[in-house]
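# Breakdown of the fold
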Amino acid sequence: MKLLFWVLVLALFFFVLGFKRGRPDRPSASPASPARPAGPPPATPVEPEPEAMVRCTACGMHFPASDALPGRGGQFCSAEHRASFEARLG
Ligand SMILES: [Zn+2]
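This report concerns the structure included in the present document. (Residues numbered from 1 in each chain as written. Predicted model: local features only at pLDDT ≥ 70, side-chain atom pairs only at ≥ 80, totals over all residues. Heavy atoms only, no water.)

## Comments concerning the overall build of the protein
Secondary structure summary: the protein contains 2 helices and 4 strands in total. Scanning the protein from its N terminus toward the C terminus, one meets helices and strands in the order α-β-β-β-β-α. For the protein, buried positions account for 9% of its 90 residues. Surface exposure of the protein reaches about 8100 Å², of which carbon and sulfur atoms provide 65%. (Helix = DSSP H or I, 4+ residues; strand = E, 2+ residues; numbered from the N terminus. Buried < 20%, exposed > 50% of the residue type's maximum accessible area, 1.4 Å probe, protein only. Areas by Shrake-Rupley, 256 points an atom, 1.4 Å probe, with all protein chains shown as cover.)

What follows is the structure, encoded as structure tokens:
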């Protein structure tokens with residue numbers, strides 16, 4: 001019975017060895033892939049940036065810079081926020 005055990009161990013050993021050696025050597029990660037033609041990088045959809053966004057110092061809301069109300073301490077989304085923030089400043 002011991003012989004059968006060792007035969008099985010050896011069979012398993014050679015099976016694993018053969019499996020590792022018999023693995024096809026596929027060039028899966030070749031640096032120069034012929035599928036992709038050389039050229040400019042793929043054009044990413046360019047988002048039109050219409051306006052810079054600023055953050056309201058009082059509430060943290062983002063809004064177009066053209067709507068910003070400059071005040072003490074930063075930009076504000078509304079006169080109310082500017083007034084309340086400046087009131088908190090003292
Ligand atoms: Zn605000």
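## Here we look at a nonpolar patch on the surface
A cluster of nonpolar side chains, Leu10, Phe13, Phe14 and Leu17, forms an exposed patch at the surface whose accessible area comes to about 400 Å². Relative to the helices and strands, Leu17 is located in helix H1 (residues 2–21). Since its relative accessible area comes to 35%, Leu17 is described here as partly exposed. (Patch = residues over 30% accessible without salt bridge, like charges linked within 9 Å, V, L, I, M, F, W, Y side chains within 5 Å. Salt bridge = Lys/Arg side-chain N within 4 Å of Asp/Glu carboxyl O.)

## Regarding the coordination of the zinc ion
For the zinc ion, the protein coordination sphere consists of Cys56 (SG), Cys59 (SG), Cys77 (SG) and His81 (ND1), at 1.9 to 2.3 Å. One can describe the donor arrangement at the zinc ion as tetrahedral, given that its 4 donor atoms subtend angles of 93 to 126° at the metal. All donors of the zinc ion belong to a single chain; written as a sequence motif, their spacing is C-x2-C-x17-C-x3-H. Of this pair, Cys59 sits in the loop between strand S1 (53–55) and strand S2 (62–64) while Cys77 sits in the loop between strand S4 (74–76) and helix H2 (79–89), and the two are 18 residues apart along the sequence. Residue Cys59 is classed as partly exposed on the basis of its relative accessible area of 40%. (Donors = N, O, S within 2.8 Å, 3.2 Å for Na, K, Ca; no water. Tetrahedral: all angles 85-135°; square planar, octahedral: opposite > 155°, others 65-115°.)

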